[in-house]
Protein chains: 2
Amino acid sequence: MQDWQLLCHRVIEHASRQHGDRRVVSRSVEGPIKVTNYRQVHERALRVSKRLLADGIAPGDRIATLAWSTSNHLECWFGIAGIGAIYHPINPRLFVDQIAFIINKAEDRVMFLDAGFVSLAEEIAARIPAVERYVVLTDRANMPETTLRNAVAYEDWLAETDGDFGWKSFDENVAASLAFTSGTTGEPKGVLYSHRSIVLMSLAANSRDMYGFGSNDVVLQVVPMFHANGWTWPFSAPMAGAELVLPGARMDPEALSELLLNERVTISGGVPTVWQGVLSYLQERNQTLPDLKRIYIGGSPSPMSMITAFTDRHDVEVRSAFGMTEMGPMAAICSVLPETRDLVGNEMLALRQTQGRPPFMVELRIENDDGEVQWNGTSAGHLKSRGPCILSAYYGNEPGSALDDRGFFDTGDIATVNRHGYVRLTDRAKDLVKSGGEWISSVDLENLVMDHPDVHEAAVIGAKHPKWDERPIVIAVRKKDRPVSKDDILSFLDGKIAKWWTPDDIIFVESLPHTSTGKLHKTVLRSAYENHLLTILRD
Amino acid sequence: MQDWQLLCHRVIEHASRQHGDRRVVSRSVEGPIKVTNYRQVHERALRVSKRLLADGIAPGDRIATLAWSTSNHLECWFGIAGIGAIYHPINPRLFVDQIAFIINKAEDRVMFLDAGFVSLAEEIAARIPAVERYVVLTDRANMPETTLRNAVAYEDWLAETDGDFGWKSFDENVAASLAFTSGTTGEPKGVLYSHRSIVLMSLAANSRDMYGFGSNDVVLQVVPMFHANGWTWPFSAPMAGAELVLPGARMDPEALSELLLNERVTISGGVPTVWQGVLSYLQERNQTLPDLKRIYIGGSPSPMSMITAFTDRHDVEVRSAFGMTEMGPMAAICSVLPETRDLVGNEMLALRQTQGRPPFMVELRIENDDGEVQWNGTSAGHLKSRGPCILSAYYGNEPGSALDDRGFFDTGDIATVNRHGYVRLTDRAKDLVKSGGEWISSVDLENLVMDHPDVHEAAVIGAKHPKWDERPIVIAVRKKDRPVSKDDILSFLDGKIAKWWTPDDIIFVESLPHTSTGKLHKTVLRSAYENHLLTILRD
């Protein structure tokens, strides 16, 4: 058989040749909707490549992108990876210190950025001296005044070269992309995606039970490109010849609803908070989504009410999705197997809330200290994974250093798997409460406490205990003007949980700490409260 | 990223773990329907591996299979490839001499065969001395008396070992399968499939516009496993978790209709002649196929009447498929693009008769002496291809020896591609009539002649001509008791073709020569008639 390497640029070449006229629709950062197609994305990506080479960029160099999802951003990715350089998408919602940290860690030589992020870049420019040039993803008319080094408007920069260029073949194990985890427990860690891993993940994700994109689909990618490689949608869509719709900077309900309706979107995906807004917006206007067939919800579990609203009101299939940067990123998607398709009511809703099943090439395993744990839906263990798109080592570390003896990567999640292979995440391993050798899921307990009508938000941590090692305590925020008491909540939990899960204390606070990506910052809570029980037991 | 090789046995491991209870239904060669599942296929494949090793089979050894499509045959494939040996499926419809030739060429050490092929094997056993052992795919009760060396019933052979075995990882470029072309122009030529090429082709073929198999599909694979790796269905189905139905030795309309109806098949695929019988059988009984959604027709073009019958009578989508052993094998499948979905009537039928579009990883190019030919639907050229599942060299030849300067494999077909990327094969290159530097498609001309109601069969070849190099002549078989004349046919063609396409002569014969796979044997016709015009012009 021929030696034909799995390279990212082969994807846009295929889309250009076989689906050249297929639209790529972006809401530009300047505002208006901009329509292009795969042929033009391909042509402009070739110009990006040629222009980068003219700037002295070499294979292996890292190039930062600080941008919302647009066709400009997309063509930069293909242009960067096409010459063997590495695109490094940055989450603009990270703390400024973290952004500077990861740019220095990556030693990015160039930064592509939206005009809206120029002031953010100026704020850190002095601290990221390795960045030689800033290319602002706009034209001369919209180019802001800036003090950034060698700043240039993207269209001017591109106009300095022509498209007379061809991509070469090279080893598919060469790195194409560098992504950093958000790092709730220390410094952000880098994950290098190879061309091979991106292409294989896009192929696996395009199977019918996963994304199942086809050339007749119109795909609205709400998850930003800087989140775990945009769930590979920037590759899966052109690979399948699906029309790609990119929302730019506006992920508000009005803007997204407009795209869903006007572009006749058939498939979309993003985090739950985004969809909550869209559902309310549409309901207020009594609108439905007649073209939308399927929606992927990931990042955090989707509430039952959201699944019901999509299913009943819009006749849309909801598929929960589970991934992480270290897993390439799609680990599992929840579609309905023949064994489960006759489930109804809450049983079907409960199924749809699980993280689902892995595609071919993602091996999952749950284990505890005694070895592999049975797939029975109740026994929980550490979720581990193996496959060609799964991390082997964090950026800068020895190959294999993130793997156990069997070559599996520990996801840091605690999960059950039922007999049909559906994964349910029960907790992050570090957030589990280990009480007398048994595990209590902090997430399950938090969700139960938050079901109380007077509770606004709640966190559960394991506090040190002289007899049980750890016992769960709740740190909760009351809803405004709701004087709910500790005893109220304990009686509310009574009967809903095993006795030994009952929290040893409930502490009310004004607010809870969160990370830059909006998750509960349990590290902070643990340092504040881990000795709480020792203190009150001693007193 | 992790080093995880693309190996055939990873497919059945995935199916066993994630879709273990999914049924694999075979019509056994003994007759009754046999139901197993992916878990059991996996377990028994591991036993095949262990047992082969006990017989001294080593990585790289070739193992022949002479068998219809059954779960036994399937588990042999996984068991053979799982230890790095090479399965070599043999088409029992080849001439006996060809079968002996390819077994010797492959130097097969073991043969797995159906009980029904024991006498065929006995006929050639003396001429294939390298085959050390014959394993008959049956149990002791159904084992025929035989003189074959070391013959053993499969179930007895398997029972001599247990399943305590695990497959190892090895380089994905290792060969898994050896297939021989049917060789109309000389000796059959071998094509070695690597594990990588099989896995990648199965992934590509599982995309929505190609097979689009999902876990809710029931897939009836009518194309035999010995035809071009069974169009990769033996891998694509377990990869997707689809139920797999295998027809064994019976591809007659009654047997296939029974499987289609009883197993509630949703997707099927095979050659046109098979479907013609099924359609008639169902129509006579006034039955429809309510579960069947899609059907793939390949091997030769599907007649319009067949497409119409499936579409109108059974509400089944027909997708033409084009592949060849040298192409891994699926080169293109005809699904409807958004640009073409509004076509109606004959325009849609004409689209559905084209060979369709290639998936990602199959690059197609048409070229003539002046270089690449435009994709305009009318300009024809040599169809060439590049990709990780495309042949680089025939078995035993130097790597790359089947490729041109650009690394493309010449398929030997002449094709047009329209502006939407749909390929239409117009002729085999060697069958083109080259008249005064212009091409005349022998296939197009044959089809027109065969449209005449009094013509049973017709072949067109290029006969040598002193002025035009070649001119088309027709060799035709009349229908019984239909005294059609040369002039009748020439007037019938008048107005349907360009004047210069008009055949220079029409010769009537009693019958035409065919190859072992039922195609017109044009090599024989050319030797008999290539000087026909020179002779009559001289006389």
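Residues numbered from 1 in each chain as written. Chains lettered and ligands numbered in written order. Predicted model: local features only at pLDDT ≥ 70, side-chain atom pairs only at ≥ 80, totals over all residues. Heavy atoms only, no water.

> Got a minute to help me understand the environment of R51 of chain B in this structure?
With respect to the helices and strands, the residue R51 of chain B is situated in helix α2 (residues 38-54). Here R51 of chain B is in contact with R133, W157, E160 and T161 of chain B, once residues within four sequence places are set aside. (Helix = DSSP H or I, 4+ residues; strand = E, 2+ residues; numbered from the N terminus. Contact = heavy atoms within 4.5 Å.)

> Sorry if this is basic, but what is going on with the sheet that holds strand β12 (residues 267-270) of chain A here?
All names here are of chain A. With mixed pairing, the eight strands of this open sheet are ordered in space as β2-β1-β11-β10-β12-β13-β14-β15. Looking at which strands have only one partner, the edges of the open sheet turn out to be β2 (33-37) and β15 (330-333). If you compare each strand with its neighbour and ignore which way they point, the axes differ by 20° on average. Relative to β12, strand β10 (residues 218-221) runs parallel, the two being bridged by three bridges. By the bridge assignment, V219 is partnered in β12 with I267. Running at roughly 175° to β10, helix α8 (residues 233-240) makes contact with β10, β11 (243-246), β12 and β13 (294-297) of the sheet. (Pairing = 2+ DSSP bridges. Axes fitted to C-alpha atoms, helices over the stretch in contact; angles between N-to-C directions.)

> I keep staring at the sheet that holds strand β20 (residues 423-428) of chain B and nothing clicks. Help me out?
Pairing between the strands of a sheet is mediated by backbone hydrogen bonds and can be parallel or antiparallel. Residue and element names in this part refer to chain B. Ordered in space as β17-β16-β18-β19-β20, the five strands form an open sheet in which the pairing is antiparallel. Unpaired on one side and paired on the other, β17 (371-372) and β20 mark the two borders of the sheet. Examined bridge by bridge, strand β16 (residues 363-368) and strand β18 (residues 381-386) share five bridges and lie antiparallel to one another. The residue bridging I366 from the neighbouring strand is L383, located in β18.

> Just checking my understanding: could you explain the packing of aromatic side chains for this structure?
The description of an aromatic ring pair rests on the distance of the ring centres and on the angle between the ring planes. Scanning all chains against the criterion turns up 34 aromatic pairs over all chains. Measuring from centroid to centroid gives 5.3 Å for F78 of chain B and F235 of chain B, while their planes differ by 75°, and the two rings are edge-to-face. Taken together, the positions of F78 of chain B in helix α3 (residues 71-82) and F235 of chain B in helix α8 (residues 233-240) put the pair 157 residues apart, joining distant regions of the chain. The class of F78 of chain B is buried, set by a relative accessible area of 2%. Judged by centre distance (6.0 Å) and plane angle (85°), the rings of W233 of chain B and Y296 of chain B are edge-to-face. Placement of W233 of chain B in helix α8 and of Y296 of chain B in strand β13 (residues 294-297) is noted, with a sequence separation of 63 residues between them. The exposure classification of W233 of chain B matches that of Y296 of chain B, with both residues buried. An aromatic cluster of three or more residues is present, and its members are Y211, F213, W231, W233 and Y296 of chain A. (Phe/Tyr/Trp six-rings, centres within 6.5 Å; stacked < 30°, edge-to-face > 60°. Buried < 20%, exposed > 50% of the residue type's maximum accessible area, 1.4 Å probe, protein only.)

> In this structure, what is going on with the environment of G436 of chain B? I would like to understand it.
All names here are of chain B. By the element assignment, G436 lies in the loop between β21 (433-435) and β22 (438-440). Judged by relative accessible area, which is 43%, G436 ranks as partly exposed. In this structure, the C-alpha to C-alpha distance between G436 and I102, residues 334 residues apart in sequence, is 40 Å.

> I keep staring at the packing of α3 of chain B against α8 of chain B and nothing clicks. Help me out?
Packed helices, taken two at a time, are described by the angle between their axes plus the distance between the axes. Residues and elements named next belong to chain B. Close contact between α3 and α8 brings their axes to 11 Å; oriented N to C, the two are set at 90°. With respect to their mutual orientation, α3 and α8 come out roughly perpendicular. When α3 is examined against α8, the residues L74, W77 and F78 are found in contact with a partner set consisting of P234, F235 and P238. Counted by class, the contact of α3 with α8 contains six nonpolar, no polar and no charged residues. (Parallel < 35°, antiparallel > 145°, perpendicular 65-115°, else oblique. Nonpolar A, V, L, I, M, F, W, Y, C, P; charged D, E, K, R; others polar.)

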